[in-house]
Amino acid sequence: MTRPETHVPDTLPAPFPIHGTSNIISGFGRGSSELGIPTANIPISIALHSLPTGIYYGWCKVIPNDKADISEHTRDDGQPIMFNNGTNLEKEELGIFPMVMSIGWNPFYHNKEKAAEVHIIHKFGDNFYGALIKYNVLGYIRPELNYTTKGT
């Protein structure tokens, strides 16, 4: 299977751009550990929920949430997750970065709820659970696909 060519139009078609700000929440822990693709999971807004499932592209910025307390949570799989709210982000990690966003059911994993997962095209030094993320979804790349394996 070849990767589809993504053409960015000069003028964005409706409903784009879609702007949003959200807290980064804990996901299932599969993006980094099982797939090698870390994602920032966000709650599904009304605008994101109305989109067809698939992969979208755009830009985003992670913003430390200095007003939230640092705390430890336990994920559904039993793993402890430190919500540091982005307070450990370095100056160069506070920029605007390209992103791809998966919106869907992750059929390979049989999710019961629609999820939004942002893969930021940047290597971060630490997690930033609890931080804020501002995002601009600019367009659609491809539909959600079901994979047969997790292999590379």
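What counts, and at which threshold
Residues numbered from 1 in each chain as written. Predicted model: local features only at pLDDT ≥ 70, side-chain atom pairs only at ≥ 80, totals over all residues. Heavy atoms only, no water. Helix = DSSP H or I, 4+ residues; strand = E, 2+ residues; numbered from the N terminus. Buried < 20%, exposed > 50% of the residue type's maximum accessible area, 1.4 Å probe, protein only. Contact = heavy atoms within 4.5 Å. Phe/Tyr/Trp six-rings, centres within 6.5 Å; stacked < 30°, edge-to-face > 60°. Pairing = 2+ DSSP bridges.

Visitor: What should I look at first to understand unusual backbone geometry in this one?
Guide: What you tend to see is this: most non-glycine residues have negative phi, and most peptide bonds are trans. Each neighbour pair has its own omega, and for A14 with P15 the value is 10 degrees, a cis peptide bond. Position of P15 relative to the elements: it lies in the segment before β1 (18-23). Omega for the peptide link from F16 to P17 comes to 0 degrees, which places this bond in the cis form. The topology assignment puts P17 in the segment before β1. Positioned with a positive phi, N85 is a non-glycine residue whose angle comes to about 60 degrees. Looking at where N85 falls in the secondary structure, it is placed in the loop between β5 (80-83) and β6 (96-104).

Visitor: What am I meant to see in the side chain of N84 here?
Guide: Turning to its location among the elements, N84 is positioned in the loop between β5 and β6. Assessed through its relative accessible area of 4%, N84 is described here as buried. Every residue in contact with N84, bar those within four places of it in the chain, is listed here: I70, D126, N127, F128 and Y129.

Visitor: What am I meant to see in the packing of aromatic side chains here?
Guide: Within this structure, the stated rule accounts for five aromatic pairs. An angle of 50 degrees between the planes, with centres 6.1 Å apart, marks the rings of F16 and Y56 as tilted. With F16 in the segment before β1 and Y56 in strand β3 (residues 54-63), the pair connects residues that are 40 residues apart, well separated along the chain. Note on F16: relative accessible area 13%, which makes it buried.

Visitor: Would you mind showing me how to read the environment of V62 here?
Guide: Topologically, V62 is positioned in strand β3. Given the relative accessible area of 2%, V62 is considered buried. For V62 and L94, which are 32 residues apart along the polypeptide, the C-alpha to C-alpha distance reads 6.1 Å. V62 has contacts with I24, L89, L94, I120, F124, F128, A131 and L132, leaving out every residue within four places of it along the chain.

Visitor: Even after reading the chapter, I still don't get the side chain of S102, so can you show me in this structure?
Guide: When you line up the elements, S102 lands in strand β6. Not counting chain neighbours up to four residues away, the residues in contact with S102 comprise G54, I55, A115, A116 and E117.

Visitor: Please explain the pairing of strand β4 (residues 71-74) as it appears in this structure.
Guide: Sheet faces and side chains relate simply in a regular strand, where the side chains alternate between the two faces. Taken together, the four bridges between β4 and β5 define a ladder with antiparallel strand orientation. The residue bridging S71 from the neighbouring strand is F83, located in β5.

Visitor: Looking at this structure, I do not really get the environment of A131. What am I missing?
Guide: Take A131: it is sitting in the loop between β7 (115-120) and β8 (132-142). Measuring from C-alpha to C-alpha, the distance between A131 and A40 comes to 9.8 Å, with 91 residues separating the pair along the chain. Sequence-distant contacts of A131, defined by excluding residues within four places in its chain, comprise S22, N23, I24, V62, I63, P64, N65, N85 and G86.

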